[in-house]
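# Geometric and topological summary
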Amino acid sequence: MNNDEFGNDQIIQVRPHNLRKVYRVRELGPDQIEKLVSLRGIVIRNSDIVPEMKEAHFTCTKCFREEERSVQMGRIQEPTFCVNCEQRDTFQPNFNASIFSDKQHVKVQETPESVPEGETPQTIHLCAYEDLVDHVRPGDRVEITGIYRAMGVRVNANKRTLKNVYRTYIDVVTYVTADKKRYEIGSQGLNDNAAGLADNEVMKDEVDANGKANEEVNNNLLVEMGLEEDSVCLLYTSDAADD
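In this text, all values refer to a predicted model and were calculated from it rather than measured experimentally.

Tallying secondary structure elements over the chain gives two helices and eight strands in all. Walking the chain from its N terminus toward its C terminus, one meets helices and strands in the order α-β-β-β-β-β-β-β-β-α. Per element, the accessible surface of the chain, about 18,300 Å² overall, is 49% carbon and sulfur.

The next point concerns the environment of Thr145. Looking at the element boundaries, Thr145 is found in strand S7 (residues 141–151). For Thr145, a relative accessible area of 0% puts it in the buried group. The spatial distance from the C-alpha of Thr145 to the C-alpha of Asn18 is 8.2 Å, given a sequence separation of 127 residues.

One recurring pattern in soluble globular proteins: nonpolar side chains tend to sit buried together. Core analysis: the largest hydrophobic core is formed by 19 residues, its most contacted members being Leu28, Ile124, Leu126, Ile144, Ile170 and Tyr175. Listed by contribution, the elements that provide at least two residues to this core are strand S1 (35–46), strand S5 (99–109), strand S6 (123–129), S7 and strand S8 (167–177). Sequence-distant contacts of Leu126, defined by excluding residues within four places in its chain, comprise Gln104, His105, Val106, Val108, Ile144, Ile170, Val172 and Tyr175. One finds Ala56, Phe58, Cys82 and Phe91 within the second-largest nonpolar core, a separate group that totals five residues.

Here Asn18, not a glycine, exhibits a phi torsion of approximately 60 degrees, which is positive. Within the secondary structure, Asn18 is located in the loop between helix H1 (3–6) and S1. One non-glycine residue with positive phi stands out, namely Phe64, at about 65 degrees. Relative to the helices and strands, Phe64 resides in the loop between strand S2 (50–60) and strand S3 (66–70).

Note on pairing: side chains with opposite charge can pair once their charged atoms come close. What the rule picks out here adds up to 12 salt bridges. Between Glu110 and Arg26 there is a salt bridge; the shortest N-O distance is 2.8 Å. Of this pair, Glu110 sits in the loop between S5 and S6 while Arg26 sits in the loop between H1 and S1, placing them 84 residues apart in sequence. In this structure, Asp171 engages Arg149 in a salt bridge whose closest nitrogen and oxygen atoms are separated by 2.5 Å. One end of the pair, Asp171, is in strand S8; the other, Arg149, is in strand S7, and 22 residues separate them in sequence. Residue Asp171 is classed as buried on the basis of its relative accessible area of 13%. Here the salt bridges do not stand alone but share partners, grouping Arg26, Glu110 and Glu119 into one network.

Quick look at the packing of aromatic side chains now. Following the criterion strictly, the structure yields zero aromatic pairs and no others. Lying over the aromatic face of Tyr23, Lys21 brings its terminal NZ or CZ to 5.3 Å of the ring centre.

On to the pairing of S2. In this sheet, S5 lies alongside S2 in antiparallel orientation, the contact comprising five bridges. Each bridged residue has a counterpart across the sheet, and for Glu52 the counterpart in S5 is Ser101. Judged from the five bridges that link them, S2 and S3 form a sheet pairing that is antiparallel. Bridge pairing links Ala56 to Arg69 in S3. Between the end of S2 and the start of S3, which pair antiparallel, lie five residues, with Phe64 showing a positive phi angle near 65 degrees. As defined by bridge partners, S2 adjoins strand S4 (residues 91–93) across three bridges and the pair is classed as antiparallel. The residue of S4 that forms the bridge with Phe58 is Pro93.

The rules behind these values
- Residues numbered from 1 in each chain as written.
- Predicted model: local features only at pLDDT ≥ 70, side-chain atom pairs only at ≥ 80, totals over all residues.
- Heavy atoms only, no water.
- Helix = DSSP H or I, 4+ residues; strand = E, 2+ residues; numbered from the N terminus.
- Areas by Shrake-Rupley, 256 points an atom, 1.4 Å probe, with all protein chains shown as cover.
- Buried < 20%, exposed > 50% of the residue type's maximum accessible area, 1.4 Å probe, protein only.
- Core = buried A, V, L, I, M, F, W, Y, C linked by side-chain atoms within 4.5 Å.
- Contact = heavy atoms within 4.5 Å.
- Salt bridge = Lys/Arg side-chain N within 4 Å of Asp/Glu carboxyl O.
- Phe/Tyr/Trp six-rings, centres within 6.5 Å; stacked < 30°, edge-to-face > 60°.
- Lys NZ or Arg CZ within 6 Å of the ring centre and 35° of its normal.
- Pairing = 2+ DSSP bridges.

Next comes the structure, spelled out in structure tokens:
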């Protein structure tokens, strides 16, 4: 899209989801690197929002010429030669004029139903950008669609030598949280259960009241029967005394 033609600088982003194949965390391997994948998991940790440079501005310290460099594959190529003053290594980054975007690190764990018996759940690292920052919270069940990437790890921070084992992560393209209808159905079921429990309590109270009434009637009958037995005994003893 030509921004000059339309007179604006709007950016159109495509966020695909609902892929045919949904991977488990332990199923991701070298064959999926740099490919669009989808997986399900539970968010267990969110980091603070950190700024990431998208476009860098450099200023020549000699002639004050400005140049811009975009991020390519996570790197920025710093200009080394100024065509204006024809000097080398005179550019300094201008952070105030540079463009940054929001970034957040998210840690996701396998869902309990996808973990084989006797094994511990595995986790994977996610990188979310822009409006996807703070889109999910710890405890949310989500379906993530993103690009599975591998990043080299330096043996020493001061050297360019990399380890032979790479660190993998996912650049998030789309978050899809669990279906809310399921929770609505669940809440409706809870309400029905609560109503049923209330009815049971009412029935229990009625049964208790009826039981108490029956018990009082039985006690009264027993008292009357006891009185009758006492009167019979008195009559029997009086007749025996007359004889």
